[in-house]
Amino acid sequence: MSGILTSWTRGLSTPVVLALARVGGCGKQKAPGTWGSVAGLIWFNVAFAFSPAWLVWTLNVACCLLAVGLCGEAEQRLGKSDPGEVVLDEFVAMPLCFLGWDRLPEARPAWVVLLAGLGLFRLFDILKPLGISRLQRLPGGWGVVVDDVAAALLTCAVLHAAARLFPG
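Just so it is clear, the structure is predicted and the values come from calculations on it, not from any experiment.

**A short note on the pattern of salt bridges**
Next up, step 1: In total, this model carries 7 salt bridges according to the counting rule given.
Next up, step 2: Ionic pairing is found between lysine 80 and glutamate 85, a salt bridge with its closest N-O pair at 3.7 Å.
Next up, step 3: We note a salt bridge from aspartate 125 to arginine 122, for which the minimum N-O separation is 2.7 Å. Here aspartate 125 pairs with arginine 122, and both are found in helix α6 (residues 110-127), just 3 residues apart, close to one helical turn. One exposure class covers both aspartate 125 and arginine 122, and it is buried.
Next up, step 4: In the salt-bridge network here, residues are joined through shared partners; they are Arg122, Asp125, Lys128 and Asp147.

Written out as C-alpha cells, the structure is:
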C-alpha cells in the first residue's frame, strides 16, 4: 500500500509537486504552518461544513492519502526531512478538527468554534503532546502527515469535550 501511495508522484514535475505540497504560496509565507492551516480552514468551510458525514470521511481519508505521497515526494526533492514549507499536511488535517461539525456550534457562534479549532490545532501541531511527536518518525510522507492528523483528532476531541462541558 505504501508503494502505491508514493510511486504515482514520481512522474510529476518538481514545480507541480512543490506547488501542491506548499499549497500554492502558503508554504513560502512567514509562519507557513499557520497559513497552511488557515487555507485548510477555508477548505473545510467550502468542502465539508455542510456535507454529509460519509462524504466528509471519504474526502478526508482520500486527501490525507494523497498528501502522504506528495509530502514524501516533496521531502525527497527538497532534500529535507519534514520541511516547514511543506504545508499540505496542515491543509488536509485541518478539516479533521471539525468532525461531527453539526454537533459543535449549536449554541455558540460558528466563528468561535472555528477559531478555537485553528488555535488548538496549531498548539497541538507545534507542541506535539501525548506521543504525537513519535509519529514524525514514520517513514517519508507518513511521518509528515500522520502527526498532523493526530493533532487534528486531538483538537476535535477537545472541541467536543468543551461543547459538552460548556453547553451554550
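**Comments concerning the packing of aromatic side chains**
Next up, step 1: Across all of its chains, the model carries 5 aromatic pairs by this definition.
Next up, step 2: Ring centres of phenylalanine 44 and phenylalanine 98 lie 4.9 Å apart, and the angle between their planes is 35°; this geometry places the pair in the tilted category. Of the two residues, phenylalanine 44 sits in helix α3 (residues 32-47) while phenylalanine 98 sits in the loop between α5 (88-93) and α6, which places them 54 residues apart along the sequence. As far as burial versus exposure is concerned, phenylalanine 44 and phenylalanine 98 are alike and both buried.
Next up, step 3: Feature note: the residues Trp43, Phe48 and Phe91 constitute an aromatic cluster, connected by ring pairs.

**What about the packing of helix α4 (residues 53-78) against helix α8 (residues 140-165)?**
Next up, step 1: Closest axis-to-axis distance for the α4/α8 pair is 7 Å, and the angle between their directions is 130°. By the angle between their directions, the pair α4 and α8 is classed as oblique. As α4 runs across α8, the sense of the crossing is right-handed. Contacts between α4 and α8 involve Cys64, Leu65, Ala67, Val68, Cys71, Gly72 and Glu75 on the former and, on the latter, Gly140, Gly141, Trp142, Val144, Val145 and Val149.
Next up, step 2: For the contact of α4 with α8, the per-class residue count stands at 9 nonpolar, 3 polar and 1 charged.

**Quick word on the side chain of lysine 128**
Next up, step 1: One can find lysine 128 in the loop between α6 and α7 (132-135).
Next up, step 2: Residue lysine 128 is classed as buried on the basis of its relative accessible area of 14%.
Next up, step 3: With residues up to four places along the chain from it excluded, the contact list for lysine 128 reads Leu123, Ser133, Gln136 and Asp147.

**Some words on the state of the cysteines**
What is meant by a disulfide is a covalent connection between two cysteines, made through their sulfur atoms.
Next up, step 1: Enumeration according to the criterion identifies 0 disulfides in this entry.
Next up, step 2: Between cysteine 63, a free cysteine, and cysteine 64, which holds the nearest cysteine sulfur, the sulfur-to-sulfur gap is 7.0 Å.

**Things to note about the packing of α6 against α8**
Next up, step 1: Packing of α6 against α8 brings their axes to within 9 Å, and their N-to-C directions diverge by 135°. As summarised for this structure, α6 and α8 are arranged oblique, according to the angle between their axes. Remark: the crossing between α6 and α8 carries right-handed chirality. Residues Val113, Ala116, Gly117, Leu120, Phe121, Phe124 and Asp125 of α6 lie in contact with α8, whose contacting residues are Asp147, Asp148, Ala151, Ala152, Leu154, Thr155, Val158 and Leu159.
Next up, step 2: Its residues assigned to classes, the contact of α6 with α8 shows 10 nonpolar, 2 polar and 3 charged.

About the cut-offs
Residues numbered from 1 in each chain as written. Predicted model: local features only at pLDDT ≥ 70, side-chain atom pairs only at ≥ 80, totals over all residues. Heavy atoms only, no water. Salt bridge = Lys/Arg side-chain N within 4 Å of Asp/Glu carboxyl O. Helix = DSSP H or I, 4+ residues; strand = E, 2+ residues; numbered from the N terminus. Buried < 20%, exposed > 50% of the residue type's maximum accessible area, 1.4 Å probe, protein only. Phe/Tyr/Trp six-rings, centres within 6.5 Å; stacked < 30°, edge-to-face > 60°. Axes fitted to C-alpha atoms, helices over the stretch in contact; angles between N-to-C directions. Parallel < 35°, antiparallel > 145°, perpendicular 65-115°, else oblique. Left-handed = near helix turned anticlockwise from the far one by under 90°. Contact = heavy atoms within 4.5 Å. Nonpolar A, V, L, I, M, F, W, Y, C, P; charged D, E, K, R; others polar. Disulfide = S-S within 2.5 Å.

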